[in-house]
Amino acid sequence: MKKIISPQFYYSLFTLILICFYNALAFAQDSASSSSTTTTTTTQQTTTIQPWVWVVGGVVLLLIIIALIRGNSGGASHTDKVTYTKTTSKEDN
């Protein structure tokens, strides 16, 4: 007897129900309908990157570019084509 509904369908259905459940939980935590007091504070933080980070990043980028340009030619063997021509002459006695 041939199965009409595969187990994949049940897994998909379970996943869909689980996602809908989590979505309902997320909306349940929304407090937009209730009145609340909002306090806004502004902080300004400045971060500077140390110069050595730029140097290390540049070296890594340079190494990656060199590796991409060279490709796999470092491990390949090279063969040269050599043509050898020999001429012979016979002496008459």
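Engineer: Honestly, the overall build of the chain in this entry has me stumped. Any pointers?
Structural biologist: The helix and strand tally for the chain stands at 2 helices and 0 strands. Of all 93 residues assigned to the chain, the portion counted as buried reaches 0%. Taken as a whole, the chain presents about 10300 Å² of accessible surface, with 60% of it coming from carbon and sulfur.

Engineer: Help me understand a nonpolar patch on the surface, please; the structure alone is not making it clear to me.
Structural biologist: Residues Ile-49, Trp-52, Val-53, Trp-54, Val-56, Val-60, Ile-64 and Leu-68 make up a contiguous nonpolar surface patch of about 890 Å² in total accessible area. Along the chain, Val-60 turns up in helix H2 (residues 51–70).

Engineer: What should I look at first to understand the packing of aromatic side chains in this one?
Structural biologist: Aromatic ring pairs are reported here in terms of the distance separating the ring centres and the angle at which the planes meet. Per the counting criterion, the structure on display carries 2 aromatic pairs. Arranged with centres 5.9 Å apart and planes meeting at 65 degrees, the rings of Phe-9 and Tyr-10 form a pair that is edge-to-face. An angle of 55 degrees between the planes, with centres 6.0 Å apart, marks the rings of Phe-21 and Tyr-22 as tilted.

Engineer: Help me understand H2, please; the structure alone is not making it clear to me.
Structural biologist: Between its first and last C-alpha atoms H2 spans 29 Å; for 20 residues at 1.5 Å apiece the expected length is 28 Å, and the two agree. Burial runs low along H2: only 0 of the 20 residues are buried.

Conventions used here
Residues numbered from 1 in each chain as written. Predicted model: local features only at pLDDT ≥ 70, side-chain atom pairs only at ≥ 80, totals over all residues. Heavy atoms only, no water. Helix = DSSP H or I, 4+ residues; strand = E, 2+ residues; numbered from the N terminus. Buried < 20%, exposed > 50% of the residue type's maximum accessible area, 1.4 Å probe, protein only. Areas by Shrake-Rupley, 256 points an atom, 1.4 Å probe, with all protein chains shown as cover. Patch = residues over 30% accessible without salt bridge, like charges linked within 9 Å, V, L, I, M, F, W, Y side chains within 5 Å. Salt bridge = Lys/Arg side-chain N within 4 Å of Asp/Glu carboxyl O. Phe/Tyr/Trp six-rings, centres within 6.5 Å; stacked < 30°, edge-to-face > 60°. Expected span 1.5 Å × (residues − 1).

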